[in-house]
Amino acid sequence: MKCISVSALFLSCSLCCQLLVPLILSLCLSLSPSERRQGQHAALAIAAVVIIVGVPLWWRTTETYRAWLPVTQINELAKLQLQLSVDVEVVFARGTLTPEQQKKVPLTQTQDEEHMVDGEDLLMVVEVYIGQRRTAMLRIGAQMRVGRTLKQLLAHLEPRIQQVLQVMSFSHSDITAALSDRVRPSPGNKESLADSMRAFKSSPGYEITFSLLNPDPKSHRLHWDIESAVQNYIQPLLTKLAPVANFSIDSQILYYAMLGVNPRYDSSLSAYTLSADSLAHVINPVEARLGSNAASSNPVLNFLLYVPDAHHSPLYIHDHKKQKVHSNAFHSPRWGGIMVYNVNDFYGPDPVFPMDINISMAKVMGVFLAQLRLLLGVQSSATPPGFVVASCGSAGLADWELDRLMWSRTVENVATATTTITSLAQLLDQIGNIVINDNIAQQVSSTVTSLQLAVAELEAGNLGFALQYSKEAILASERAFFDPSLLHLLYFPDDQKFAIYIPLFLPMCVPILLSLLKMLSEARQRRKEKQAKRD
Amino acid sequence: MPRDKAGQFFGSGHTNNWAVTCTSQFWFNYRHVANTLSVYRSVKRLGIPDSHIVLMLADDMACNHRNPKPATVFSHKNMELNVYGDDVEVDYRGYEVTVENFLRVLTGRLPPSTPRSKRLLSDDRSNILIYLTGHGGNGFLKFQDSEEISNVELADAFEQMWQKRRYNELLFIIDTCQGASMYERFYSPNLMALASSQVGEDSLSHQPDLAIGVHLMDRYTFYLLEFLEDIHPASTTNMNDLFKVCPKSQCVSTPGHRTDLFLRDPGSVLITDFFGSVRKVEITMETINLTSPVEQVEDK
């Protein structure tokens, strides 16, 4: 706006001043021919200056600065053809193959599979044991043991290996879930919908907050050694997940925080119960009191430990079938989890209130760790029948589960970053008024580079590098898209544009036009006189 | 005054709710502030926490020297309900309530130093409620009585939100004169809009209070609030009932709504999908056995 007013004002002022003199002269009838000619020359010169100097000057000073964007490359990426490759090593145990077959085993065999994103899943029954790291053991069926050719053996194994791969690295439904931004999963498949809604979306960092809720400090003096519990139980998992995201952990204790739902007394159990339907209303009154780190915009995972007050102890959670829940905990997708910890066992024969109670952190962390795995998307959906999965070990995360998470996060990051810059490019194309600064163009270029690298690494099967590049791509694309300078406040409807320019340029243009027209009519007059003279 | 709200929902495909609201300045616009604060209160009552509400208020009513009852804003005649109270968290006040800030909040293009409470941190599973009130005209809404936001800008802002998947479903309510013009230009999917009056009609205020000396509320919002008073977090009232709020006999203007961009049938959309915050829960079936302290094992 400033450019428009300054340049227009400058032009109109200077030209109006220069116009006044010769135009008044030229319009004056009592002029000598030489003076009139002088006036005509002046008018012509002014018109020339306006057209040759003024118009380009106005155009340049009012155009918006738009740095160059790699649009063709962005459109290339938008097709999102990803090639994901997994290296598989099949080791035959002794005795399964005859010595001749062993010699003939081919060294490598690649299997290509094209997954249409709205295709179908395959299901097979296999007997498989999946270990903690990255190995699985298959049992070949009895009929396969003796007298089969190598080819038949391999043909028999292939589908099973495929099945194992789908569980341990990525399956069709995993990829669809990761791409749920661009491809809404078919409404029929409720489980995959629930899975995709439960886990937090990929983010460079997460905040985990552990809260202890003590509604009855007069009866219970609670002690929880949260710091060492986090160090011993949660930190190993987070360290293992370090390539995926950064985590920051807080803890707090809230006093006099009630649940907001009245539990019902069940005389058969002589305990209070919370039905599954009332759980949905538990979180809101509490959430208003929870503190969080105001500095970051990372998603927050809340884990609440609720110790019921003495009058409502013990408190059990019932599921939809009115059965007691073993963990006595529930979680809310994309929010966190709540566990109810009953302390009436600590009372002893003669309780004196307030009682000092040490909370057994191992039990609590067992539940929170399981919920954390679910909310981060680590937990895989139900394994096919015939599969036995080893427990996840001390870190709470098996290696192949980490791989699985990394695959889906990488795909998700690549898809999100591609969508972001594609829509940014579209937006900037549509709205001609937005200024594109150099730093935005640079972020977009670096996004494109990172994305291309990530896709290449995925093709090569280098999961770690692919994830790193995809994270860089996401960061750069978000920075470009959410840059504060891209605000679309430059919406000018056409009638407003006319309203701005007409008062500035019309007073200047009208005298020029009139003088030019006058000169034209005089020239025509002279030509007619000349014609008349000749005749 | 725009309001954003977020809520959490599974059955409809959303997991959290947000709300955003906004108001205009000056003592004679008392009713706009009362409108916004009343909707803010209802939304809070139905469960949306302050961390998920972006409230933009000029905030010069309660402590205005013309207010006979300082530190209060009443929404009902005879001063029955003080909607200001001590539990109001205003995120943008005074001069911060501008069109630019409103659009920045919606599109997320805030400077990095903006604190969490001033951001709309919604994701692709958030249902958002936006409530705007003030003075308006055909195709624009006045902010702070000095700026305007046009319907094209608003539609473009929503499209940018959609491109970045910043909402699952969005409900837009506007209570101004000729409010229906503001939702004419929407073109993004999953938007539902309600307005208090059609193009060419004026929205009227409800009741003046002789002690305070100004009108306390607008008609549409007054009847909207009466309707919301009957809603509790577990209620199953749906959107079709909301469309019937404030018929011409009560409102004098004709309220309008727009649902063609919305994918679900309005009859299946619960009021608490937008106005409340009913969260989805799942029972935690599995636990991890950690009965003994874990030694750090070097995993290579």
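Residues numbered from 1 in each chain as written. Chains lettered and ligands numbered in written order. Predicted model: local features only at pLDDT ≥ 70, side-chain atom pairs only at ≥ 80, totals over all residues. Heavy atoms only, no water.

**Q** Help me understand the overall build of chain A in this model?
**A** For chain A, the count of helices and strands is 14 helices and 13 strands. For chain A, with 535 residues in total, the buried portion stands at 46%. For chain A, the proportion of contacts with a sequence separation of at least 24, taken over those separated by at least 6, is 82%. Put simply, chain A shows about 28,800 Å² of open surface, and 57% of that area lies on carbon and sulfur atoms. (Helix = DSSP H or I, 4+ residues; strand = E, 2+ residues; numbered from the N terminus. Buried < 20%, exposed > 50% of the residue type's maximum accessible area, 1.4 Å probe, protein only. Contact = heavy atoms within 4.5 Å. Areas by Shrake-Rupley, 256 points an atom, 1.4 Å probe, with all protein chains shown as cover.)

**Q** Help me understand the sheet that holds strand β7 (residues 140-143) of chain B in this model?
**A** Residue and element names in this part refer to chain B. Pairing within the open sheet is antiparallel, and its 3 strands lie in the order β6-β7-β8. Looking at strand neighbours, the two that pair on one side only are β6 (136-137) and β8 (147-150), the edges of this open sheet. Looking at chain direction, β7 and β8 are connected through 4 bridges and run antiparallel. Bridged to lysine 142 within β8 is glutamate 148. Against the sheet, helix α2 (residues 99-107) contacts β7 and β8, and its axis sits at roughly 35° relative to β8. (Pairing = 2+ DSSP bridges. Axes fitted to C-alpha atoms, helices over the stretch in contact; angles between N-to-C directions.)

**Q** For this particular structure, what's the right way to read the nonpolar core?
**A** Among soluble globular proteins, nonpolar side chains are generally buried collectively. Counting 53 residues, the largest nonpolar core has A:Phe210, A:Leu241, A:Leu301, A:Leu305, A:Ile359, A:Met365 and A:Leu372 as the members making the most contacts within it. Mapped by element, the contributors of at least two residues to this core are β3 (205-214), α8 (226-240), β8 (300-306), β12 (355-358), α10 (361-376), α11 (399-430) and α13 (463-481) of chain A. With 11 residues, α10(A) is the single largest residue contributor to this core. Each residue touching A:Leu301, except ones within four places of it in the same chain, is listed here: A:Phe200, A:Tyr206, A:Glu207, A:Ile208, A:Thr209, A:Trp335, A:Leu372, A:Leu375 and A:Leu376. Counting residues in each nonpolar core, the second largest holds 51 residues, with B:Ala19, B:Ile48, B:Met61 and B:Tyr220 among its members. (Core = buried A, V, L, I, M, F, W, Y, C linked by side-chain atoms within 4.5 Å.)

**Q** What's the story with the UniProt feature "active site" (unreviewed entry) in chain B in this structure? I'm lost.
**A** All names here are of chain B. When the UniProt feature table is mapped to this numbering, "active site" (unreviewed entry) covers His135 and Cys177. Spatially, the listed residues are clustered: although they cover 43 residues, their C-alpha atoms lie within 6.4 Å of one another. By secondary structure assignment, the location of histidine 135 is in the loop between β5 (126-133) and β6. A residue is classified by how much of its surface remains accessible, and histidine 135, at 23% relative accessible area, is partly exposed. In this view, histidine 135 contacts Asn29, Arg31, His32, Leu141, Lys142, Asp145 and Thr176; residues no more than four positions away in its chain are not counted. (UniProt positions renumbered as here; feature names shortened; annotations may be inferred.)

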